[in-house]
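Fold and geometry: a report
Chain by chain, the residues:
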Amino acid sequence: MYAYQIKISLEDVVPQVWRRAIIPGGISFSRMAAMLNDIMGWSGTHLYALVTSSGFHVSGAPEGAEEELDDFVLEEQGMTGGGQEIDEVFCNNKDFLYIYDLGDSWEHRVEIEKREAAKEVYPRILMGEGSCPPEDCGGAAVFMELMERPSDVEQELADMYREEMEPFDLERTNEFLKAVYGGEAFSKLPEALCDGDLDILSVDPKLLPNLSESLMSYRAADLKALWKKWEMKGYSGLRKQELADRLAEVLTDPDTMSGKLCAIREESLAFFETLQENPVYAFELTREAHAQAGLFMEKGYVFLTEELIFFVPKEIKECYRRMNRAVFEEKRRRARRILDYCMAAVNLYGIVEIDKLIEIFNGQNETPLEKGELFAVLALQEDEEERCVVCGLAYLCDSAIQWDIFDAILQEQMGKPYYVPRQEAFLRYADPDYCEKPLAWKAVERFFKKEMRLKDFDAEFLCHELQMIVHVGGDSDTVFETLGEFQVPEPTEGQMIQMTDLLMDAWNCTRMVTNRGFTPNEMKGMESSGTEGGEIPDNIIPFPGQQKE
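Residues numbered from 1 in each chain as written. Predicted model: local features only at pLDDT ≥ 70, side-chain atom pairs only at ≥ 80, totals over all residues. Heavy atoms only, no water.

**Some remarks on unusual backbone geometry**
Residues Val-14 and Pro-15 are joined by a peptide bond in cis, for which omega reads -5°. Along the chain, Pro-15 falls in the loop between strand 1 (2-10) and strand 2 (17-24). For Asp-12, which is not glycine, the phi torsion reads 65° and is therefore positive. Structurally, the position occupied by Asp-12 is in the loop between strand 1 and strand 2. Backbone geometry places Asp-101, a non-glycine residue, at a positive phi of 70°. For Asp-101, the location among the structural elements is in the loop between strand 5 (95-100) and strand 6 (106-117). Look at Asp-101 and you get buried, because its relative accessible area is 6%. (Helix = DSSP H or I, 4+ residues; strand = E, 2+ residues; numbered from the N terminus. Buried < 20%, exposed > 50% of the residue type's maximum accessible area, 1.4 Å probe, protein only.)

**Here we look at the packing of helix 11 (residues 266-277) against helix 13 (residues 314-322)**
Two elements in contact, helix 11 and helix 13, have axes whose closest approach is 10 Å; the angle formed by their N-to-C orientations is 125°. In terms of their interaxial angle, helix 11 and helix 13 are classed as oblique. The chirality of how helix 11 crosses helix 13 is left-handed. Of the residues in helix 13, those in contact with Leu-269, Phe-272, Glu-273, Gln-276 and Glu-277 of helix 11 are Ile-316, Lys-317, Tyr-320 and Arg-321. (Axes fitted to C-alpha atoms, helices over the stretch in contact; angles between N-to-C directions. Parallel < 35°, antiparallel > 145°, perpendicular 65-115°, else oblique. Left-handed = near helix turned anticlockwise from the far one by under 90°. Contact = heavy atoms within 4.5 Å.)

**Looking at the nonpolar core**
Residues Ile-23, Met-32, Phe-90, Phe-96, Tyr-98 and Trp-106 are the most contacted members of the largest nonpolar core, which totals 48 residues. It is helix 1 (residues 29-40) that contributes the most residues to this core, 8 residues altogether. Aside from chain neighbours lying at most four places away, what touches Met-32 is Ile-23, Ile-27, Leu-50, Ile-86, Phe-90, Phe-96 and Tyr-98. Counting residues in each nonpolar core, the second largest holds 43 residues, with Tyr-218, Phe-296, Leu-304 and Tyr-320 among its members. (Core = buried A, V, L, I, M, F, W, Y, C linked by side-chain atoms within 4.5 Å.)

**Some details on a negative patch on the surface**
Where like charges cluster on the molecular surface, the negative patch consists of Asp-169, Glu-171, Glu-175, Glu-242, Asp-245 and Glu-249. Residue contributions to the negative patch peak at 3 residues, all from helix 9 (residues 240-251). (Patch = residues over 30% accessible without salt bridge, like charges linked within 9 Å, V, L, I, M, F, W, Y side chains within 5 Å. Areas by Shrake-Rupley, 256 points an atom, 1.4 Å probe, with all protein chains shown as cover. Salt bridge = Lys/Arg side-chain N within 4 Å of Asp/Glu carboxyl O. Lys, Arg positive; Asp, Glu negative; His and termini not counted. Charge placed at Lys NZ, Arg CZ, Asp CG, Glu CD.)

**Examining the pattern of salt bridges**
Following the criterion strictly, the structure yields 25 salt bridges and no others. For the salt bridge of Lys-371 with Asp-355, the shortest nitrogen-to-oxygen distance reads 3.4 Å. Separated by 16 residues along the polypeptide, Lys-371 in helix 16 (residues 371-378) and Asp-355 in helix 15 (residues 354-364) bring together distant segments of the chain. Residue classification places Lys-371 among the partly exposed residues on the basis of a relative accessible area of 21%. Residue Asp-355 is classed as exposed on the basis of its relative accessible area, which comes to 52%. Glu-436 is the salt-bridge partner of Arg-511, the closest N and O atoms lying 2.9 Å from each other. One end of the pair, Arg-511, is in the loop between helix 22 (493-508) and helix 23 (520-528); the other, Glu-436, is in the loop between helix 18 (423-427) and helix 19 (439-450), and 75 residues separate them in sequence. Each member of the salt-bridge network shares a partner with another, and the members are Glu-266, Glu-273, Arg-325, Glu-329 and Arg-332.

**A short note on the sheet that holds strand 12 (residues 388-391)**
Pairing is antiparallel across the open sheet formed by 3 strands, whose spatial order is 11-13-12. In the strand order of this sheet, the two ends are held by strand 11 (351-353) and strand 12, each with one partner. In this sheet, adjacent strand axes meet at a mean angle of 25° when their direction is disregarded. Pairing analysis gives 4 bridges linking strand 12 to strand 13 (residues 395-398), with the strands arranged antiparallel. By the bridge assignment, Val-389 is partnered in strand 13 with Cys-397. Of the strands in this sheet, strand 11, strand 12 and strand 13 are in contact with helix 14 (residues 325-349), which crosses strand 13 at around 70°. Here helix 15 sits on the sheet and contacts strand 11, strand 12 and strand 13; the angle it forms with strand 11, its principal contact strand, is near 80°. (Pairing = 2+ DSSP bridges.)

**Re the pairing of strand 6**
In the sheet, strand 1 pairs with strand 6 via 9 bridges, with the strands oriented antiparallel. The residue of strand 6 that forms the bridge with Gln-5 is Lys-114. Across 6 bridges, strand 5 lies against strand 6 in antiparallel orientation. The partner of Asp-95 across the bridge, within strand 6, is Glu-111. In this structure, the hairpin formed by strand 5 and strand 6 is closed by a connection of 5 residues, where Asp-101 is found at a positive phi of approximately 70°.

**So, the sheet that holds strand 7 (residues 124-129)**
Read from one edge to the other, the open sheet built from 7 strands follows the order 4-3-5-6-1-2-7, with strand pairing classed as antiparallel. The sheet is open, and its two borders are formed by strand 4 (57-60) and strand 7, each paired with just one other strand. With direction set aside, neighbouring strand axes in the sheet form an average angle of 20°. Note that strand 2 and strand 7 share 5 bridges and pair antiparallel. Within strand 7, the residue paired with Ala-21 across the bridge is Ile-125. Contacting strand 1, strand 2, strand 3 (48-51), strand 4, strand 5, strand 6 and strand 7, helix 1 runs over the sheet at an angle of about 140° to strand 2.

**Re the packing of aromatic side chains**
Counting across every chain of the model gives 21 aromatic pairs. An aromatic cluster is present here, built from Tyr-341, Tyr-349, Phe-361, Tyr-418 and Phe-426 joined pairwise through their rings. Here the basic side chain of Arg-115 rests over the ring of Tyr-2, its NZ or CZ set 3.8 Å away from the ring centre. The ring of Tyr-419 has Arg-511 sitting right over it, with the charged end atom 3.7 Å from the ring centre. (Phe/Tyr/Trp six-rings, centres within 6.5 Å; stacked < 30°, edge-to-face > 60°. Lys NZ or Arg CZ within 6 Å of the ring centre and 35° of its normal.)

**Things to note about the environment of Phe-447**
Assignment of secondary structure puts Phe-447 in helix 19. Through-space distance from the C-alpha of Phe-447 to that of Leu-502 is 8.5 Å; in sequence the pair is 55 residues apart. Once residues within four sequence positions are removed from consideration, Phe-447 is found in contact with Met-452, Gln-495, Gln-498, Met-499 and Leu-502.

**Some points on the packing of helix 15 against helix 16**
Contact geometry for helix 15 and helix 16: axes closest at 11 Å, N-to-C directions at 100°. Taken together, the axis directions place helix 15 and helix 16 in an arrangement best described as roughly perpendicular. Along its contact with helix 15, which presents Ile-354, Asp-355, Leu-357 and Ile-358, the element helix 16 presents Lys-371, Leu-374 and Phe-375. A breakdown of the residues in the contact of helix 15 with helix 16 according to their chemical character gives 5 nonpolar, no polar and 2 charged. (Nonpolar A, V, L, I, M, F, W, Y, C, P; charged D, E, K, R; others polar.)

Honestly, it's all geometry; don't read function into it.
Have a look at this one:
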């Protein structure tokens, strides 16, 4: 066996964060990425890329995280996959760039110092200094700006980040690396997903494992992932039994459970309560129910036996019963209201300033919202709901917005006021598929039915798609491409003129993210009436510099 001695240095971060380590040869790039992440202290739950000076490039998901990123995401991001072995790159390059998290783009310079014989198959750190910054904080530039020159508002966040950065412990980290990579490093949960009715089992609770046994059935890597999901500190180097014991203490604390479940949707909570009394076979679950079971598995409240039975350990059930229901329900109402405002804002505006979102919330609710509470609730979003992404600590945006158009949308929004309807109307936008249906779009729908002979459902669905394209800033080419995709019959010259006029009218009546929720007609009306320099309508939150007298 052979191995490589490497030095990994995190770039653009002060004080320096680096490791000199030994990693085995003959491994895949995806496995190498997982090892580098554990050596440095990253969670390993983001995409990675490797780039050499000669132009070689490989990218993908670290080993053990592939299932968190579906094939569509990898294809959309241009992932090349990391199944090939590292040796050709390691033997033909003195160094390379390793990028972790293609959003925050943490760049590491990896120097290949030498190749040597090895007895172990697991990585080992020889020396190192420093701790990696907290993940999802915006990248090196944003992090360093926050650490060196925090504003008064950001000081609390900067202090929290410093607390999260635990000192590097060489001995404990090496013990952890040996435990994870000394045997089979990663386990794959059996896939048991199919459509069907919920099948309730008659299972003797005494035959199901308790919480401690359930946790110990996991591999060390699985326990580590669960530990990180709970954002717990001090896991580096803990033995498997210690990890399980500490996790059990946290999982059975009623106050902690109340906080972790407060943002769960009603239907998901109902599923969890049903599962407490009635274990089910995984392969009998519907897709939606399976996703709900997976949600609670990620939190450590639901487990899967070797027989593929989803169940809730008795200790978790008892903890749930001991929760203060009145306090829990109040937390849930509060968290759901905050998330509804976040969803409504990103749906209506695409990108919204966090301070402005808080201002909107506080203007329509009695109990004020602060930034710390907002961030805490956003961290509790259910996976299928995670459309609200914090960008650079200043903005909340729709996760569907690609980074390459983020700046373009911001530029289009610059200087424009926010359209803010009353609370009831505003919260309708919490439904990601909602959009107002002005009469102009109904006219387009009637045209498609009468002139183009489309069925009622097809015409309604097509108009909804076209309106959403306009809402998010699509252009006329995209609109006509969509007409082609729906196989709308070729219009006559007269029909084309009529359709173009109708679409233009509908376009000008559509609320757009680039106009911060206003329609083109409303923007034109404000410009012609001199609203921008004078009085602002009551349903508009004044933009800085345009305050009402």
